[in-house]
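Residue strings, one per chain:
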Amino acid sequence: MSKPIYIINGPNLNLLGTREPEIYGHQTLADIEKLCAIAAEDLGYNIRFFQSNIEGELVDFIQEAGSQGSVIIINPAAYTHTSVALYDAIKAVSIPCIEIHLSQPAARESFRRRSYVAEAANGTISGFGVKSYLLGLQAAIHLLEASA
Ligand code: CA2
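Residues numbered from 1 in each chain as written. Predicted model: local features only at pLDDT ≥ 70, side-chain atom pairs only at ≥ 80, totals over all residues. Heavy atoms only, no water.

Draft legend 1. Spatial organisation of the packing of aromatic side chains. Inspection of the entire model under this criterion finds two aromatic pairs. Judged by centre distance (5.2 Å) and plane angle (25°), the ring pair of Y6 and F50 falls under stacked. Of this pair, Y6 sits in strand β1 (residues 5-9) while F50 sits in strand β2 (residues 47-51), placing them 44 residues apart in sequence. Put simply, the rings of Y6, F50 and F61 pair up and form one aromatic cluster. (Phe/Tyr/Trp six-rings, centres within 6.5 Å; stacked < 30°, edge-to-face > 60°. Helix = DSSP H or I, 4+ residues; strand = E, 2+ residues; numbered from the N terminus.)

Dropping the structure here:
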């Protein structure tokens with residue numbers, strides 16, 4: 001089987017399903033992981049799924065993906081809007097990267113309008129709730145198959 005698709009989640013996403021359901025929905029991150037694993041398997045791929053509240057650990061996951069993964073799907077959460085370290089890490093790997101968000105940051109507070117990650121990613125999917133993850137998976141597989 002090909003190298004796994006890395007799905008990387010940033011700070012506070014471990015709280016999904018417990019708070020602010022009006023913004024982020026009712027499903028937990030474990031629910032999302034299961035949905036992604038099933039969808040990937042149906043399409044003949046496997047995933048590795050990570051979450052951390054620590055910026056440096058997210059950098060480590062991106063670096064690991066660069067050597068052991070085929071493509072990165074990342075919801076960088078609040079680090080989207082602040083992190084030059086994530087921008088640099090994504091730029092430093094030679095595999096594609098898709099940025100995803102549950103909500104639509106551009107329609108929220110003005111500080112969410114800037115994404116450092118978008119400046120390093122191949123594309124962004126946002127605003128579709130949990131479906132953003134599944135659309136991200138489709139986009140990732142599209143990139144893999146287009147470059148095969
Ligand atoms: O919409 C998204 O996926 C975000 O990446 C979520 C981030 C936010 O900072 C980005 O602007 C957009 C926040 C994740 C916080 O997750 C929580 C989950 C449940 C309860 C509280 C926070």
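Still more to cover.
Draft legend 2. Quick look at the nonpolar core. The biggest cluster of nonpolar side chains holds 24 residues, and the ones touching the most others in it are I5, I7, I32, I47, F49, Y133 and L137. Breaking this core down by element, the ones donating at least two residues are β1, α2 (29-42), β2, β3 (71-75), β4 (97-101) and α5 (131-146). If you tally residues by element for this core, the top one is α5, at five residues. Once you skip the residues sitting within four places of it in the chain, Y133 turns out to touch I7, N9, L13, L29, I32, C36, F49, N75, I100 and L102. (Core = buried A, V, L, I, M, F, W, Y, C linked by side-chain atoms within 4.5 Å. Buried < 20%, exposed > 50% of the residue type's maximum accessible area, 1.4 Å probe, protein only. Contact = heavy atoms within 4.5 Å.)

Draft legend 3. Quick peek at helix α3 (residues 55-68). Taking 1.5 Å per residue as the helical rise, α3 with its 14 residues ought to reach 20 Å, and the 20 Å between its terminal C-alpha atoms agrees with that figure. L58, V59, F61, I62 and A65 are the residues of α3 that are buried. Down the axis of α3, the buried set is contained in an arc of 160°. They therefore lie on one face. Tucked inside the fold, the buried residues of α3 contact β1, β2, β3 and α4 (84-92). (Expected span 1.5 Å × (residues − 1). Arc of directions from axis to C-beta.)

Draft legend 4. Seen up close, the sheet that holds β2. Strand order in the open sheet formed by five strands is β2-β1-β3-β4-β5, and the pairing between neighbours is parallel. Edge strands, defined here as strands with exactly one partner in the open sheet, are β2 and β5 (123-126). Each strand axis lies, on average, 20° off the axis of its neighbour in the sheet, ignoring direction. Relative to β2, β1 is paired through five bridges, and the arrangement is parallel. Across the sheet, I8 pairs through a bridge with F50, a residue of β2. Taken strand by strand, α2 contacts β1 and β2, and its axis lies near 165° from that of β2. (Pairing = 2+ DSSP bridges. Axes fitted to C-alpha atoms, helices over the stretch in contact; angles between N-to-C directions.)

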